[in-house]
Structure formats: C-alpha cells, structure tokens
Amino acid sequence: MSVAKNYQEIQQHIENACNKVGRDKEDITVIAVTKYATIETAQEAVAAGVRHLGENRLEGFQEKKDALGNDVSWHFIGTLQSRKVKDLIHDIDILHSLDRKSLAKEIHKRAEETVPCFVQVNVSGEESKHGLAIDEVKPFIESLSNYDKVKVIGLMTMAPHTDDEEVLRQTFRSLRRMRDEIMDLQLPHAPCQYLSMGMSNDYQIAIEEGATHIRVGSKLVGSYQS
Ligand SMILES: *Cc1c(COP(=O)(O)O)cnc(C)c1O
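For clarity, every value in this text was computed on a predicted model and none was experimentally measured. (Residues numbered from 1 in each chain as written. Predicted model: local features only at pLDDT ≥ 70, side-chain atom pairs only at ≥ 80, totals over all residues. Heavy atoms only, no water.)

Asks: Can you break down the site of the ligand residue by residue, with the values?
Replies: All residues in the neighbourhood of the ligand are listed as Val33, Lys35, Ile77, Met156, Met158, Met199, Ser200, Arg215, Val216, Gly217 and Ser218. Lys35 is positioned with one of its side-chain polar atoms (N or O) 2.7 Å from an oxygen atom of the ligand. In this structure, Arg215 approaches the ligand through a side-chain N or O atom, which is 2.8 Å from a nitrogen atom. For the ligand, whose unbound accessible area comes to 390 Å², protein coverage reaches 88%. (Near = heavy atom within 4 Å. Polar contact = N/O pair within 3.5 Å; in protein donor to acceptor, adjacent residues only side chain to side chain. Areas by Shrake-Rupley, 256 points an atom, 1.4 Å probe, with all protein chains shown as cover.)

Dropping the structure here:
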C-alpha cells in the first residue's frame, strides 16, 4: 500500500463529490487519522502533501509530533478527559470532541491561546457513541459564552457504521441543519462555520452533504485491520 497513491485516489474522489454538488474542492480539509499508523507512515502522508493529522490518544502523540515537525496541524479527535487537558491543550491546533461543559471549563482554565473546537454530536443516538444529543447542541453552545478560550468553529459527528446510504445522508443532513441554526445565531464565541464529518467509508457522501473537514484513517494510512 502506498500512502501517496491512496491520497491521490482520495483527492480524486473529493473532486468527484464536489463536482456532483457544485462545491470547490479547496473547501475540503483532509485530516489523516494516524491513530493506528507508525511514525514512518505518518511521514509518508506528510511527504505526499497531507497537512492535517488526527490523533485520538495521548499515548504516542508527543512522539509523532516531535518527529513530524511544525509543518502540520494537529487535530485531536478522541474523547478527552478533563484531567488530561493540561497535558495536551498546548500541543493541538483543533479539538474535535468538545462534548461537555466541564471540559470547556478546564480548557478555559488551562489554555493560553484560544482553542478552536468542534462540538461533538451523537446524531444517531447510538449508546456506544460520544457526543451531545442533537437537541442539546444549541443550549450547550449558548452556555459557553463565558469561556473565552473556547471558540466553537463547527460541529463534528461520527455516522453509524452502516452501508445504508440514506441513513448516512440523514445523519449528515441533521448535523448540517444544526450547524446552520447555530451560525444564524451569530454568537461571537461560536461562528460555527465548519462540519467535521465523513470517514473512510462515507466521506464522499459527507462532502455531498456539506462536510468541510473529513477524517480519513484506514483508506489513507491503513489500520490494524487491513
Ligand atoms: C478512527 C477515527 C476516524 C477514522 O476512521 P477510518 O474509518 O479509519 O477512516 C475518524 N474519526 C474518528 C473520531 C476516529 O476515531
């Protein structure tokens, strides 16, 4: 498997999806999810042109960051325990998993600079998934106005693990509608212009439904399974 070839193929698929719905491929940010990848594979991704990397654990994060230098942006996509905030918050560029007020409070306390955050939403309501229920999103975001180190730049979700295209589309559409509602509120602390949705198996559909950030692991840098 060649990471460069995978990346080329993904870029082609992004372009196709964008063309289908009249979007500009420049508006899509590809985050290579390197949680299962070695440092060498992550380096291949960067050599191939990837500029955004996603990790979901603290273990090994610093090592990867040291090896890959500062040419890339680091996205933290995993559940973050409040007591770990101080160990991580200065090293990441964007957090994709803001899902509770206690976490926002801890970020506000520990961060020196404003942290751009996606609020994680569990659109499908599956018990196994993290994130707020869709009807909790608006009151939650409104409640963050005093934590001025936290900037809500968008909403993030993980779609159900299914090949049912209609289920995937409905999930992505619900998130997009909620994003539009939050944007309309014009809250200074929550411009909320972005949508982090779409993974290896569903990123094309996510793009057709408005994704601005896709998080691609296995189809780009491999996984334990493949
Ligand atoms: C692992 C992971 C991904 C990437 O999953 P793939 O199916 O391998 O592309 C994306 N987002 C989150 C939150 C993840 O944990």
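Asks: An account of the nonpolar core is needed here, citing residue identities and associated values.
Replies: Core analysis: the largest hydrophobic core is formed by 65 residues, its most contacted members being Leu98, Ile107, Ile141, Leu155 and Leu220. The leading source of residues in this core is helix H1 (residues 3–21), at 6 residues. (Core = buried A, V, L, I, M, F, W, Y, C linked by side-chain atoms within 4.5 Å. Buried < 20%, exposed > 50% of the residue type's maximum accessible area, 1.4 Å probe, protein only. Helix = DSSP H or I, 4+ residues; strand = E, 2+ residues; numbered from the N terminus.)

Asks: Report on the pairing of strand S6 (residues 150–157), specifying residues and quantitative values.
Replies: In terms of burial, S6 is a largely internal element, 7 of the 8 residues being buried. In terms of strand pairing, strand S5 (residues 115–121) meets S6 through 7 bridges, oriented parallel. Looking at the pairing, Val115 lines up with Val150 of S6. Sheet topology places S6 next to strand S7 (residues 194–196); 3 bridges connect them, and they run parallel. Bridged to Leu155 within S7 is Leu195. Handedness of the β-α-β unit built from S6, helix H7 (residues 165–185) and S7 comes out right-handed. (Pairing = 2+ DSSP bridges. Right-handed = clockwise from strand over helix to strand, strands pointing away.)

Asks: Explain the UniProt feature "modified residue: N6-(pyridoxal phosphate)lysine" (unreviewed entry) in the protein chain residue by residue, including any values.
Replies: This chain's UniProt record puts "modified residue: N6-(pyridoxal phosphate)lysine" (unreviewed entry) on Lys35. Position of Lys35 among the secondary structure elements: in the loop between strand S1 (29–33) and helix H2 (39–47). Lys35 sits in the partly exposed class, given a relative accessible area of 27%. (UniProt positions renumbered as here; feature names shortened; annotations may be inferred.)

Asks: Tell me about unusual backbone geometry, residues and numbers included.
Replies: With phi around 50°, Gln186 is a residue other than glycine that occupies positive phi space. Position of Gln186 relative to the elements: it lies in the loop between H7 and S7. With a phi close to 50°, Cys192 is a non-glycine residue in the positive phi region. Position of Cys192 among the secondary structure elements: in the loop between H7 and S7.

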